[in-house]
Amino acid sequence: MTKDEIAAALEEIGTLLELKGESSFRTLAYHNGARALSQYEGDFQELVSTGKIGEIRGVGASLAEKIQQLAETGELPQLTELRAAIPPGVIAMLKIPGVGPKKVKALSEDLKLTTIDELKAACEAGTVAKLKGFGAKTQAKILEGIQFLGTVGQRVRLDLALPLGEALLEQLKKLPGVIRAELCGSLRRRRETTKDIDILLSSDNPKPIMDAFVTLPEVMQVVANGETKSSIVAAMVVDREKIVLNADLRVVGDEHFPFALHYFTGSKDHNVRLRQRAIDQGLSLNEYGLKGEGRDVKCKTEADIFAALGLDYIPPELREDTGEIEAAEKKKLPKLITVKNLRGVFHNHSTYSDGNASLEEMALAAKKLGFEYFGIGDHSQSLKIAGGLSPADVKKQHREIDELNARLDGIQILKGIESDILDDGSLDYDDDILRSFDYVVASVHTGFNMSSEEMTARICKALAHQATTMLGHATGRLLLRREGYKVDLDQVLKAAAKHGKMIEINAHPIRLDLDWIHVKRAKAMGIPIVINPDAHSPGELALVEFGIDVARRGWLEADNVFNTKSLAEVLKELNRRKAAW
DNA sequence: GCCGTTTTCGGCCCGACTGTTTTCAGTCG
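Residues numbered from 1 in each chain as written. Chains lettered and ligands numbered in written order. Predicted model: local features only at pLDDT ≥ 70, side-chain atom pairs only at ≥ 80, totals over all residues. Heavy atoms only, no water.

## Examining the state of the cysteines
Point 1. What the rule picks out here adds up to zero disulfides.
Point 2. In this structure Cys299 is not part of a disulfide, and its nearest cysteine sulfur, from Cys184, lies 16 Å away.
Point 3. Of the residues examined, Cys299 reaches a relative accessible area of 8% and is grouped as buried. (Disulfide = S-S within 2.5 Å. Buried < 20%, exposed > 50% of the residue type's maximum accessible area, 1.4 Å probe, protein only.)

And the structure:
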């Protein structure tokens, strides 16, 4: 077993033990061990062969033995037994918001429920409410949660789906007879979540390619295996999670490739509009070609298709029928930002709060990515659970930053804070301390159940505060896990514009908040956007790439994004803001 | 199950919130 597969197995044991009612400290040890293992950057095979797995911090004698066994045999009796004792449907119940291990244990043991469907039926019959510790409200909340899961379906986050899609694509590209191959669909458009993987390739000899596709190591199940289209269920461990997705492969002759690429990239709405445009010009567009009366319009690339229809090339991220065709016609498409435009980041954490690396380690990692500046934005004092900084901690951190800036070359650390927006909309320190920061990221972490009116007023008040530089994760959503708090984002955008504040695209792939639709609105209102990784470890700094995807989907150019500016320009602007306070 | 220049036993980020209770359990971040 690979390191990541073992980490996933430990994660699974931890979860299964939770459902059996094990001590939370013991189950936490499995989850911690899994994370420690997956983040280990040295040579894992060497650790296995020399029996030194226990040297990883967070892995003790017991876990080391289990890891060793999994690495050598791929099996562990403990895991096999746990899996046999707890049905997958019971584990799935954990995904219902508001339902944790204790509730699942009661539902599965006392009511003998084994699937979400059975749970739904039990709620509708009213039997759940009669269970000790449960009640009418809990029962209603569970039903609501199940409905939420239903609307989410089996979607998978971009950062988890992409590695699986790319793994399949790379293997296909190596096969003999493949001329061109690309990911299509929502993965190519870089949507936040995806429900299947679409792959297109061109070849003159599809049969052997199809046969190879349905026997790739990631294949769990073959759904269809034809000449031009095959479907599989594919699985891969990504970031300690087992990702399962449908994957479709379509093979076309190379002369059809650009048309099929455009067709299967979508979106559907974009395609409908483009086909209509073709009809208006006396042409007909489908996945096999662009045809006029008795003639084919030859196209070698997608750009040729757009050109034939009188349009500039439209990047996949913009193909949502939100005005891109009109803009392409007028040659007014944005020159989209790329990850190379970023010169620094502002919202990151260190061991001062809930990050897992020191300030210096984080700053050096930022330098390695080519950044000129690294802004720290640890949590503020009231967020105790995340190790929020007391005023004394702030002073200590600032002294360390001064010392590091004197010592380090090629990277400047900026003194920021992620200040909680308190329930009444005020910030989390008094003005004297707030003045000691170069900038303030204001974010909501508590009181998610407020009404939309209250939450909107709360955030708008924080935006009116002179110390606030930018708004962090605007809705607090966690993709496929938790809806954001209720807030009127249009009012928030108005307040940001009025007070000259920036808004963050939180690039962490579980958030991607502000979403691309509101990013586009923010751009139209002249609000500067900041792309922040919200990194809690050095490796997470690279997550900015997912923020770039959102920015591109929101039509942003480099000029619209504050952290494309040089260190000198950034300092000048931050100082200007402080001077105006 | 992990960890330790105060500990090899006894802790383990901890407080808010909700819904169930009548003093607390479960969930969340």
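## Examining the packing of aromatic side chains
Point 1. In this structure the tally under the stated criterion is seven aromatic pairs.
Point 2. Seen from their ring centres, Phe346 and Tyr439 are 5.1 Å apart, and the 85 degrees between their planes marks the pair as edge-to-face. One end of the pair, Phe346, is in the loop between strand S11 (344-345) and helix H17 (359-368); the other, Tyr439, is in strand S14 (residues 439-443), and 93 residues separate them in sequence.
Point 3. The buried category is assigned to Phe346, whose relative accessible area is 0%.
Point 4. Measuring from ring centre to ring centre gives 5.5 Å for Phe346 and Phe562, while their planes differ by 20 degrees; the resulting arrangement is stacked. Highlighted residues: Phe346 in the loop between S11 and H17 and Phe562 in the loop between helix H23 (544-553) and helix H24 (567-580), separated in sequence by 216 residues. Residues Phe346 and Phe562 agree in their burial class; the two are buried.
Point 5. Here the aromatic residues Phe346, Tyr373, Tyr439 and Phe562 are joined through ring pairs into a cluster of three or more.
Point 6. The cationic tip of Arg435 hangs over the ring face of Trp581; the distance from NZ or CZ to the ring centre is 4.0 Å.
Point 7. Over the ring of Trp516 we find Arg553, and its NZ or CZ is 4.4 Å from the ring centre. (Phe/Tyr/Trp six-rings, centres within 6.5 Å; stacked < 30°, edge-to-face > 60°. Helix = DSSP H or I, 4+ residues; strand = E, 2+ residues; numbered from the N terminus. Lys NZ or Arg CZ within 6 Å of the ring centre and 35° of its normal.)

## Comments concerning the side chain of Gln68
Point 1. By the element assignment, Gln68 lies in helix H4 (residues 61-73).
Point 2. Of note is the side chain of Gln68, whose polar atom sits 2.9 Å from the side chain of Glu72.
Point 3. When sequence neighbours within four positions are dropped, the list of residues in contact with Gln68 reads Val48, Gly51 and Ile53. (Polar contact = N/O pair within 3.5 Å; in protein donor to acceptor, adjacent residues only side chain to side chain. Contact = heavy atoms within 4.5 Å.)

## Some remarks on the pattern of salt bridges
Point 1. Considering all chains together, one arrives at 31 salt bridges under this definition.
Point 2. One salt bridge in this structure joins Arg26 and Glu22, with 2.3 Å as the shortest N-O distance.
Point 3. By relative accessible area, Arg26 is classed as partly exposed at 34%.
Point 4. Looking at Glu22, the relative accessible area reads 31%, which means it is partly exposed.
Point 5. One network of salt bridges, in which partners are shared, links Glu11, Asp239 and Arg240. (Salt bridge = Lys/Arg side-chain N within 4 Å of Asp/Glu carboxyl O.)

## Remarks on helix H22 (residues 516-524)
Point 1. Listed as buried for H22 are Trp516, His518, Val519 and Ala522. Down the axis, H22 shows its buried residues gathered within 155 degrees of arc, on one side only.
Point 2. Packing partners of the buried residues in H22 comprise helix H21 (489-499), strand S16 (502-506), strand S17 (529-532) and H23.
Point 3. Taking the backbone nitrogen of Ile517 as reference, a side-chain oxygen 2.9 Å away marks Asp515 as the first, capping residue of H22.
Point 4. Once H22 finishes, Gly526 follows within two positions and takes phi at roughly 75 degrees, a positive value. (Arc of directions from axis to C-beta.)

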